[in-house]
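One-letter residues, chain by chain:
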Amino acid sequence: MRVIICGAGQVGWQIARQLSSERHDVVLIDQDERLIQQANDALDVQGIVGHASHPDVLDRAGAHDGDLLIAATASDEVNIVACEVAAALFTVPRRIARLRGHGYLLPEYSDLYQADSLSIDVVISPEREVALAALSRLDAPSTFDTETFMDGRVRLMGLALNQDCPILNTPLRQLDQTFFGLRAVVVGIRRGERFFAPEPADQLHAGDRAYVVTPETDVARTLDIFGLPPRRIERVVLIGGGNIGLTVAQKLDRRTGMNVKLLERDRDRAERAAERLNRVVVLHGDGMAADLMAEAGVPKADAVVTLTEDDRTNILAAVRARQAGARMVVALVNDPTLLPLAASLGIDAQISPRAVTVSSILRLIRRGLVRDVYALGDAEAELIEAQILPGSALAGVAVREMQLPRGALIAAVEKKGEVIKPRPDTRIEPGDLILIFALAGDVAEVERLLQVSADWF
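Residues numbered from 1 in each chain as written. Predicted model: local features only at pLDDT ≥ 70, side-chain atom pairs only at ≥ 80, totals over all residues. Heavy atoms only, no water.

1. Remarks on the domain arrangement of the protein
- Looking at the protein, the domain boundaries give domain 1 (2–124), domain 2 (131–226), domain 3 (235–355) and domain 4 (368–450).
- Taking only C-alpha atoms into account, the centre of domain 1 sits 29 Å from that of domain 4.
- Facing 5 residues of domain 1, the contacting portion of domain 4 comprises 7 residues.
- When domain 1 packs against domain 4, close to 450 Å² is buried across both sides, 33% of that on carbon and sulfur atoms.
- Three residues stand out in domain 1 for area buried against domain 4, namely R17, Q18 and E22, and they jointly supply 76% of the buried area on that side.
- Across the contact surface, domain 1 and domain 4 share 1 residue pair in polar contact (both at pLDDT 80 or more).
- The residue makeup of the side of domain 1 that touches domain 4, split by class, is no nonpolar, 3 polar and 2 charged. (Domains from an automatic or database assignment. Contact = heavy atoms within 4.5 Å. Buried area = accessible area lost by both parts, 1.4 Å probe. Polar contact = N/O pair within 3.5 Å; in protein donor to acceptor, adjacent residues only side chain to side chain. Nonpolar A, V, L, I, M, F, W, Y, C, P; charged D, E, K, R; others polar.)

Shown next as structure tokens:
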């Protein structure tokens, strides 16, 4: 597949790295010659210096033969025009645009992206996706990462294991014997600098960060078994009233039984937020000031979420909230190099707009009948939800007989609406939904297995 990516920023770079590693033909366009030189040196891509929406630049990028254009520059207008030019002059079949401007995303203007209007097949909104990620963290406060699959029936949980975890040093294969009916599957483990898919004989250690997949109905039991009992979130303080903070506040405003306060230092922005919220209390002032934190109830808060536009402010505010007594702190961190720092400072969870946006784009470009994709860590692995087609290599095959790559495993199976834990003798039938964990280097092979063989037609 020939993919043209407009914008070599964090999102464009990550998508280019991911797709080029899967041996797609990737062209990366950016006006910054330094970024393109870095891409040419580090990635197996064709880098082009130029304005991404200019026809001559797209022509040099081979848009006539392009299968997909991803417009992810820093300018919404450039992204829109790039999609328009790609459709009108080069008939690129699929076009994805990342749009940040709140005005482009208002529901009353949704017809703008219909087929007879702008030539954009899918709009990705980082702000909207990040807001949903923040809400997910609040819905699973014992985790550092979480996502749902199979229409909310299955949940991924990232669990930081401490010395109190009751199943440390227990082979994973023995969990079924020790906890009857447990449907949780440990799909990935980060141990120090190493991130790997565990074998049945592997054990969990204190300090591990484990990724666990379990049916939604088993979440409470799974957390208890891993020594992280679920907590109820009732008192929330949000720091930052921009597009993301306001979106999160509006969602929480509709939930009953929650006490929410929003702190915003810009007076005009605070007043606009207050006009759009009903039960959420908006406080004007510096979210890092000790007196304002005390007024907002940070010392007794179940969760504090820092959502300003500055990474360092978010990290420092989260640390101060933790020191003040907040039970859980979550920080929005754009710069991936700051994520390890945030974790080392006792911040419970970090939200990475890059990772969230990359996951959104990946789920749109995977082959086979892929329904959902979620990237883990620094795009080191993926969870792929797919429906099994009659002609795929996995149809009619038992789990023990599957020729999966070593870094891949089946995490969950849904048969006729029932979620089951995959066993060696579980046979995957056409129409089943499966959730596959795969390390980044094995995604291409998993994608191949999900496709339908030409012999079937």
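2. Notes on the UniProt feature "domain: RCK N-terminal" (unreviewed entry) in the protein
- What UniProt calls "domain: RCK N-terminal" (unreviewed entry) maps, in this numbering, to residues 1–124 and 233–353.
- A helix fraction of 40% and a strand fraction of 21% characterise residues 233–353, whose end C-alpha atoms lie 23 Å from each other. (UniProt positions renumbered as here; feature names shortened; annotations may be inferred. Helix = DSSP H or I, 4+ residues; strand = E, 2+ residues; numbered from the N terminus.)

3. Brief notes about the UniProt feature "domain: RCK C-terminal" (unreviewed entry) in the protein
- Using the residue numbers shown here, the UniProt feature "domain: RCK C-terminal" (unreviewed entry) corresponds to residues 144–228 and 371–452.
- Segment residues 144–228 splits into 13% helix and 34% strand. End C-alpha atoms: 12 Å apart.

4. What about the pairing of strand β14 (residues 281–284)?
- Pairing of strand β13 (residues 259–264) with β14, which is carried by 4 bridges, proceeds in the parallel orientation. Directly across from L263, in β14, lies its bridge partner L283.
- Once you follow β13 into helix α9 (residues 267–276) and on to β14, the crossover reads as right-handed. (Pairing = 2+ DSSP bridges. Right-handed = clockwise from strand over helix to strand, strands pointing away.)

5. Concerning unusual backbone geometry
- Residue T91 is not a glycine yet carries a positive backbone phi of 45°.
- Within the fold, T91 resides in the loop between α4 (76–88) and β5 (94–98).
- Judged by relative accessible area, which is 59%, T91 ranks as exposed.
- Phi angles above zero are rare outside glycine, and D151 is one such case at about 55°.
- As for its position among the elements, D151 is in the loop between β7 (145–149) and β8 (154–160).
- Taking relative accessible area as the criterion, D151 reaches 61% and is therefore assigned exposed. (Buried < 20%, exposed > 50% of the residue type's maximum accessible area, 1.4 Å probe, protein only.)

6. Notes on the pairing of strand β2 (residues 25–30)
- Counting buried positions over the 6 residues of β2 gives 5, a clear majority of the element.
- Inspection of the sheet shows β2 paired to strand β3 (residues 46–49) by 4 bridges, in the parallel sense. Residue V27 lies in a different strand from β3, and its bridge partner there is Q46.
- Handedness of the crossover joining β2 and β3 through helix α2 (residues 33–42) is recorded here as right-handed.

7. Details of the nonpolar core
- Ranked by internal contacts, the top residues of the largest apolar core, which has 44 residues, are I5, I15, L394, I434 and L450.
- Residue assignment places this core across two domains, with domain 1 (2–124) and domain 4 (368–450) each supplying three or more.
- Counting 31 residues, the second largest nonpolar core, distinct from the first, contains A131, I244, V260 and L332. (Core = buried A, V, L, I, M, F, W, Y, C linked by side-chain atoms within 4.5 Å.)

8. Some thoughts on the pattern of salt bridges
- All chains considered together, the criterion is met by 23 salt bridges.
- E414 serves as the salt-bridge partner of R153, at 2.7 Å between the closest nitrogen and oxygen. Remark: E414 occurs in strand β21 (residues 408–415) and R153 occurs in the loop between β7 and β8; sequence separation between them is 261 residues.
- Since its relative accessible area comes to 32%, R153 is described here as partly exposed.
- Under the relative-accessibility criterion, E414 is labelled buried at 9%. (Salt bridge = Lys/Arg side-chain N within 4 Å of Asp/Glu carboxyl O.)

9. Description of helix α14 (residues 443–450)
- Regarding α14, the residues found buried are V443, V446, E447, L449 and L450. What you see down the axis of α14 is that its buried residues fit within an arc of 160°, all on one side.
- Residues of α14 that are buried in the fold lie against α13 (353–365), β18 (370–376), β19 (381–387), β21 and β24 (433–439). (Arc of directions from axis to C-beta.)

10. Considerations on the sheet that holds β7
- Ordered in space as β7-β8-β11-β9-β10, the 5 strands form an open sheet in which the pairing is antiparallel. Two strands close off the open sheet at either side, each with one partner strand: β7 and β10 (194–196). Averaged over all adjacent pairs, the angle separating strand axes in this sheet is 15°, with direction ignored. (Axes fitted to C-alpha atoms, helices over the stretch in contact; angles between N-to-C directions.)

11. Looking at the packing of aromatic side chains
- Summed over the entire model, instances satisfying the criterion amount to 3 aromatic pairs.
- Residues F144 and Y211 carry aromatic rings whose centres are separated by 5.5 Å and whose planes lie at 75° to one another, so their mutual orientation is edge-to-face. Taken together, the residues F144 in the loop between α5 (126–139) and β7 and Y211 in strand β11 (residues 209–215) connect sequence positions 67 residues apart.
- Using a relative accessible area of 9% as the deciding quantity, one classes F144 as buried.
- Arranged with centres 5.7 Å apart and planes meeting at 65°, the rings of F195 and Y211 form a pair that is edge-to-face. Placement of F195 in strand β10 and of Y211 in strand β11 is noted, with a sequence separation of 16 residues between them.
- Counting every residue linked through ring pairs, the aromatic cluster contains F144, F195, Y211 and F437.
- Note that R194 overlies the ring of F196, its terminal NZ or CZ placed 3.9 Å from the centroid. (Phe/Tyr/Trp six-rings, centres within 6.5 Å; stacked < 30°, edge-to-face > 60°. Lys NZ or Arg CZ within 6 Å of the ring centre and 35° of its normal.)

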